[in-house]
Amino acid sequence: MRNIPVNLGGYKLMVTEDPTQKTRERDGVTEIVTDPKTDAVLYTVSLFAKAKGQKGEEIKVTLETDPGEAVEEGSLVELVEARVSPYEFVNAQGEKISGIAFRATGVKPVG
């Protein structure tokens, strides 16, 4: 299963690092990551997600649109069309790595 819709309405989401273009390294070369379907540049943003009365956790979210100037470190935000996808792979050391990846169409300031 991929792109499972997720409701983060009960969470406060605070930007912990300014959004940046998503990059990856291949064969020692850093390249900008684009969406394979639309060829649009992808962005990442780090958020601290916390529900009232619970401990929070930092999550990294891939964004399909440019977050713009209004989204910066310390901003409270809301994700547009948030979803998660499980992943699993074997790294170069033979270790099995698994988890979930957060993705959203966009992000907008709250308030």
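Each residue is numbered by its place in its chain's sequence as written, counting from 1. With pLDDT at 70 or above as the cut-off, local features in this predicted model cover only qualifying residues; side-chain atom pairs require 80 or more to be listed or tallied, and sums for whole chains, interfaces and linings still use all residues. As a rule here, side-chain values come from all non-hydrogen atoms in the structure, and water together with hydrogens is ignored.

(A) The arrangement of the environment of K52 in detail. The residue K52 is located in the loop between β5 (43–51) and β6 (57–63) in this model. Separated by 39 residues in sequence, K52 and L13 have C-alpha atoms that sit 11 Å apart. Each helix is a run of H or I in the DSSP string that is no shorter than four residues. Each strand is a run of E no shorter than two, and both are numbered from the N terminus.

(B) Layout of the sheet that holds β5. Strand order in the open sheet formed by eight strands is β1-β8-β9-β6-β5-β2-β7-β10, with mixed pairing between adjacent strands. The sheet terminates laterally at β1 (4–5) and β10 (106–109), the two strands that pair on one side only. Bridge analysis of β6 against strand β9 (residues 96–104) gives three bridges, and the strand direction is parallel. Bridge pairing in β9 links T62 to R103. Strand pairing follows a simple DSSP-based rule, namely that at least 2 bridges must link the two strands.

(C) Focus on unusual backbone geometry. A positive phi angle, close to 65°, is found at D39, a residue other than glycine. Turning to its location among the elements, D39 is positioned in the loop between β4 (29–32) and β5. Each residue gets one of three labels from its accessible area relative to the maximum for its type: buried under 20%, exposed over 50%, partly exposed in between, using a 1.4 Å probe on protein chains only. Classification of D39 by relative accessible area gives exposed; the value is 57%. One non-glycine residue, E81, lies in positive phi territory at about 55°. With a relative accessible area of 57%, E81 lands in the exposed category.

(D) Molecular detail of the pairing of β9. Of the pairings in the sheet, the one linking strand β8 (residues 83–90) to β9 comprises eight bridges and is antiparallel in character. Its bridge partner lying in β9, E88 is registered against S98.

(E) How the structure looks around the environment of Q54. Of note, Q54 is situated in the loop between β5 and β6. On the basis of relative accessibility, which here comes to 47%, the residue Q54 falls in the partly exposed class. With 22 residues separating them in the primary sequence, Q54 and L76 have C-alpha atoms 17 Å apart.

(F) Focus on the packing of aromatic side chains. The aromatic pairing rule takes the rings of Phe, Tyr and Trp, using the six-membered ring of Trp, and pairs them if the centres are within 6.5 Å, calling planes under 30 degrees apart stacked, those over 60 edge-to-face and the rest tilted. A full pass over the atoms with the stated rule returns one aromatic pair. Centre to centre, the rings of Y87 and F89 are 6.2 Å apart; their planes meet at 25°, and the pair counts as stacked. Its relative accessible area of 43% is what places F89 among the partly exposed residues.

Read these as geometric descriptors, not functional statements.
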